[in-house]
Amino acid sequence: MAARRRTFPLDVYSDVRRRSVVPLAHAVLVVLFVGFAFGAHAAETGTPKSVLILFSNGRPLPGVVAIDNTLRRVVQPLVGYPVEMFDEFLDVERFGNTMDPAKMAEFLNLKYRKLNIGVIVAAGPEALRFALAYGDSIVPDIPLVHVNVTREDLSAAEIPPDVIGWTVDLDPTATLDLAERLHPHATELVIVTGASGTDRALERRIRNAVAGLKNPPQVTFLAGLPTTEVLRRLRALTKNAIVYTPGYYVDGSGHVSTPRQAVEQMAAASGAPIYGPYDTFLGSGIVGGYMATFEAQSKQAGEAVAALLNGIAPAAITHGSMPNTFMVDWRQVQRWGIDESALPAEADIRFREPSVLARYRWQIIAIAAALVLQSLLIARLLIERRRRRVAEIESRQRYSEMAHMNRSVALGELSASIAHEINQPLGAILNNANAAELLLKASPPALDEVAEILGDIKRDDERAGEVVKRIRGLLRKSSFELKDVDLNETVDETLKFLVADASVKGFSVRTDLARGLAPVRADPIQIGQVILNLALNAMDAMVDAPVGGRTLVIRTARAETDCAELSVIDSGLGIPPETADRIFDAFYSTKQHGMGLGLSISRTIVEAHGGQIYAANSPRGGATFRFTLPFAGKSAT
Ligand code: ADP
């Protein structure tokens, strides 16, 4: 028994002397007094109160790391001065059976007695039992905060009122129920536990829970086996089984590990899904469990520590138990083909791969918005283009109507000379017919001469017919039709409309046509219309010029810019400089009955052929209108 007193087995403290349980009011007074005394001491000496954290286990446990980090993170900002936090590890998994707790307490007292420890935190049931039994010998009469301790751990000890904390629920029942719900076809439950005292305590807890299951499946305990054997057995499992394990500290061959390391190995080997009690197992390959995270527990404990350091009495701090939540690893849910709808609605699902939509939400929204915007823009542009086309077609139609009207007007102006041109052959035909009649009445009839006369009649008739044909050609509503055109020929053809009119009005018309001028690519009717417009304008401009000087010259040439050039030169009064900018505008006219369309239409025609039109006054008086046309070899742009 003496040997047992000196060692530190898992539940040795259940029969060790407890700290005396003082009545609550007394305790509050003591704590207040101690608090004031320490506060005063801290204020006097300037030594801040510090915290001693006693861990049941060794440092490498992920749970230990989580508790330590969270306490440090939470306490400091809630206390107005720098708090030093010291960690001590009882390492029960290694030294639980060999350590003398009294000596340990003595050592800790020597180490910490001068450091103004204000609170002791006991992390884990063994640490709590040690602190309850020996806390006063380390630092007397200071409050104790426990973390990661179950209600059963507490009920096994008498807890003085200056000991506070939130118990955790490590009962596997809810986790086993969850596993059964997620794997309704499973027929076997395999429990894996270790060989150390702590491991055996965990095993007992699980055995109790399994015994209480309503519809227990076939249960197999793999308790205290060497890791190789555990892995071999797990490998042989199928999806018809469920594994539950709290991990283990020591395996059947005495090998020490952390429970998380043990679980990692199990998860890598197991043919069946694994469930466990700690959130630190999530990510190692287990599916999940019903648990309170180490972080949440330590945050709660840290706030209590800060309150105590700030002078709040332990009795004033309400405490109770940590709520558990269902936690699952999404990747394992997928891996084991678990029905998502079977998961508890409130489950905390970890490692859920965010969908592409969730991951690139903003990028997708931005791209979609850009696409929508772009589509709208494209739609708008298409509509615009359609509208423009319709407008273009309409304007081309209007233009061709206008051009046609312009030609009709031009012909109207020439009607006198046209009538003259037709009347002349008709008159000749009549005269010839009369003469032929007389010749036929003679005896013998002069048939040879009649034949000659009939030839003349035919020629005159053809002449009149040609005039009509020319007029019809000009009045025809034709579409724009490009062909290789001899510009000089077009000039000649057009002048036929004019010569009679010009001679009636007393103008002389002269042509100066370049020899061997290469053909241009043009619509001959439209180019004829331009020449006609320019010539008619020229004749209008010369009406007021002295009679002797009324000369109209039409000249063709090869321009320097390597295209054909046609000039209409008059000897009129010229273009008044103030109107020079506007003469090509539609509906601009200085004439009393002018429509102001001739030059505007001419410019449109020339530009549609890829040429340009210019107007200038000649140095010797009169105006010169000049336009260019590309040769047939060159494409009109
Ligand atoms: P319109 O002949 O019906 O007036 P145009 O567009 O053919 O329409 O001509 C516009 C104006 O340009 C004319 O009113 C006239 O003032 C001026 N113009 C045209 N040709 C000449 C020219 N050869 N000499 C002087 N002015 C001219």
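In the block above lies the structure referred to throughout.
The rules behind each value
Residues numbered from 1 in each chain as written. Predicted model: local features only at pLDDT ≥ 70, side-chain atom pairs only at ≥ 80, totals over all residues. Heavy atoms only, no water. Core = buried A, V, L, I, M, F, W, Y, C linked by side-chain atoms within 4.5 Å. Buried < 20%, exposed > 50% of the residue type's maximum accessible area, 1.4 Å probe, protein only. Helix = DSSP H or I, 4+ residues; strand = E, 2+ residues; numbered from the N terminus. Contact = heavy atoms within 4.5 Å. Patch = residues over 30% accessible without salt bridge, like charges linked within 9 Å, V, L, I, M, F, W, Y side chains within 5 Å. Areas by Shrake-Rupley, 256 points an atom, 1.4 Å probe, with all protein chains shown as cover. Salt bridge = Lys/Arg side-chain N within 4 Å of Asp/Glu carboxyl O. Near = heavy atom within 4 Å. Polar contact = N/O pair within 3.5 Å; in protein donor to acceptor, adjacent residues only side chain to side chain. Phe/Tyr/Trp six-rings, centres within 6.5 Å; stacked < 30°, edge-to-face > 60°. Lys NZ or Arg CZ within 6 Å of the ring centre and 35° of its normal.

Undergrad: Whenever I open this one, the nonpolar core confuses me. Can you help?
TA: As a rule of thumb, soluble globular proteins bury nonpolar side chains together. One finds V145, V192, L234 and M266 to be the most contacted residues of the largest nonpolar core, which totals 57 residues. In terms of residue count, helix 12 (residues 294-309) provides more of this core than any other element does, 8 residues in total. Not counting residues up to four positions away in its chain, the partners in contact with V192 are L222, V230, L234, V243, Y244, T245, P246, G247, Y248 and M266. Counting residues in hydrophobic clusters, the runner-up holds 53 residues, among them Y399, V568, L597 and I613.

Undergrad: So what exactly am I meant to see when it comes to a nonpolar patch on the surface here?
TA: A grouping of V356, L357, Y360 and I364 is seen on the molecular surface, where their side chains present a nonpolar patch of about 370 Å² in accessible area. For Y360, a relative accessible area of 38% puts it in the partly exposed group.

Undergrad: Help me understand the site of the ligand in this model?
TA: As a structural note, the neighbourhood of the ligand is formed by 19 residues, with N537, D570, S589, T590 and K591 the closest of them. Contact distances for the ligand include 2.6 Å between an oxygen atom and a side-chain N or O atom of S589. With the chains in place, 92% of the 540 Å² that the ligand exposes on its own is no longer accessible. Of all the secondary-structure elements, those providing two or more residues to the shell around the ligand are helix 19 (524-542), helix 20 (598-608) and strand 19 (623-629). It is helix 19 that contributes the most residues to the shell around the ligand, 3 residues altogether.

Undergrad: Hey, could you run me through the packing of aromatic side chains in this one?
TA: Two numbers describe a pair of aromatic rings. These are the distance of the centres and the angle of the planes. Applying the stated criterion to the full structure yields 7 aromatic pairs. Each ring, one from F130 and one from Y134, has its centre 5.5 Å from the other, and the planes form 35°; the classification is tilted. Taken together, the positions of F130 and Y134, both in helix 6 (residues 125-138) and 4 residues apart, correspond to about one turn of that helix. The same class applies to F130 and to Y134, which are both buried. Here the aromatic rings of Y278 and F281 are separated by 5.3 Å at their centres, their planes lie at 85°, and the arrangement is edge-to-face. By the ring-pair criterion, three or more aromatic residues cluster together here, those being Y278, F281 and F294. Here the basic side chain of R207 rests over the ring of F221, its NZ or CZ set 3.8 Å away from the ring centre. In this arrangement the basic side chain of R352 is found over the ring face of W330, its NZ or CZ atom lying 4.3 Å from the centre.

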